[in-house]
Amino acid sequence: MILQPAENFRLTVLNPGGRDPEQTFHSVPDPDEGLHPPINFHAFAACTFGAFHRDTRRAAGEKTPVLLLLRSDFRASERALIELKKDGRTVALSLKETGLHQIAQQLREPRKLSRFIKIVTQADACIATTPEAAEIYQRVRSKHDSATVAFIPTPYPIEDQRWDFSMPRNEQCGIFIGTREWDIPSRNHFAAILVARELCEATGEPVTVVNLDGYKGRRLLGELSFPKEKLRLIEKWKAYPDYLRDVAQHKIVLQLDRSHVPGQVAGDALLCRIPCVGGDGAIERIAFSKTCGKGRTISEIASMALDLLKSFELRAAVVAESQERALERLSFGAVRSQLGKFFSQLQGTTAF
């Protein structure tokens, strides 16, 4: 059995029956190519120059290890696991939605929970995009070697200059609210907007909120009585590069999310080279450890945000540290190396 060097490692990501487009990554795509951006689980394929599939046979045909995503009622994932194992593939699993509230919602039905436990224990390994998900997989796989579960954060193409969306200092102003769901308690969206209004009143900085709830969302925001012309709404879906260009125009991203998600909001901030303040996602905790929400009160977060809005030098220091941490642990090269080493460790009992 020949080990693949970590730098040459390729991974196939399979979302069986999903809607995401299939894609082979011979290189990191340009932001404006119009393809699915190399973020979230597409990023695991992109950073290894692998492939993203929704058809199990095509995934098996890649002849590489497979990261199998668990979605919906898990039936398609269960069938895919059986087929991939018959073909001799090494298979690691991950829930497609891995925030703590999302995991709870998916596993509250006895049949789904039973199927989840069966699949997780039969797979070769599990990859978690949050430390909390890793602990759940490890406890389900209690009889397996702990080395078969790994927390590997979703990567971002930090080292690729084409994905640098930074804006000149004199073109940045305001606060971008990172959350958008009013009805998920752990998002704390309402509280984040209240903090932003307070910061707006103190500094005169405008606030941008993504409102995809139409009239209802506008009414809710209207009740908060922002200073005149200081509230900007984004009310339609945008292509990811265009969305990043909007985010990059701000001085900070603010949120109070306590969902323990992988942290795409913070990943977006990394690509925009601006500070992310107040969330507790995995990427926040790695790249923005001094401004994340872990262990901090709302008042402490509001105070940090105020300091950042007032000081370009402070913002620049946060951005510099976040980029350094991201290059070490979140860049495509760093995560490709982590994935390669993890799957190499599995080769003692499985074959690529």
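Residues numbered from 1 in each chain as written. Predicted model: local features only at pLDDT ≥ 70, side-chain atom pairs only at ≥ 80, totals over all residues. Heavy atoms only, no water.

Colleague: Just checking my understanding: could you explain the pattern of salt bridges for this structure?
Modeller: Charged atoms that come close allow side chains of opposite charge to pair. Applying the stated rule across the entire model yields 24 salt bridges. One salt bridge in this structure joins Arg57 and Glu83, with 3.9 Å as the shortest N-O distance. You can see Arg57 sitting in helix H2 (residues 56-61) and its partner Glu83 sitting in helix H3 (residues 75-86), a full 26 residues away along the chain. Note that Lys85 is salt-bridged to Asp124, the shortest N-O span being 2.5 Å. In this pair, Lys85 is assigned in helix H3 and Asp124 in the loop between helix H5 (110-122) and strand E6 (125-128), connecting sequence segments 39 residues apart. For Lys85, a relative accessible area of 32% corresponds to the partly exposed category. Linked through salt bridges whose partners overlap, the residues forming this network are Asp32, Asp242 and Arg245. (Salt bridge = Lys/Arg side-chain N within 4 Å of Asp/Glu carboxyl O. Helix = DSSP H or I, 4+ residues; strand = E, 2+ residues; numbered from the N terminus. Buried < 20%, exposed > 50% of the residue type's maximum accessible area, 1.4 Å probe, protein only.)

Colleague: In this structure, what is going on with the pairing of strand E5 (residues 91-95)? I would like to understand it.
Modeller: Put simply, side chains in a regular strand alternate between the two faces of the sheet. Taking burial as the measure, the 5 residues of E5 include 5 buried ones, the bulk of the element. Of the two faces of E5, the one lined by Val91, Leu93 and Leu95 and the one lined by Ala92 and Ser94 are each fully buried. Bridge analysis of strand E4 (residues 66-70) against E5 gives 5 bridges, and the strand direction is parallel. Bridging from a neighbouring strand, Leu70 pairs with Leu95 of E5. In the classification by handedness, the crossover that spans E4, the intervening H3 and the parallel E5 is right-handed. Note: E5 against E6, 2 bridges, orientation parallel. Note on E6: the bridge partner recorded for Ala92 is Ala125. (Pairing = 2+ DSSP bridges. Right-handed = clockwise from strand over helix to strand, strands pointing away.)

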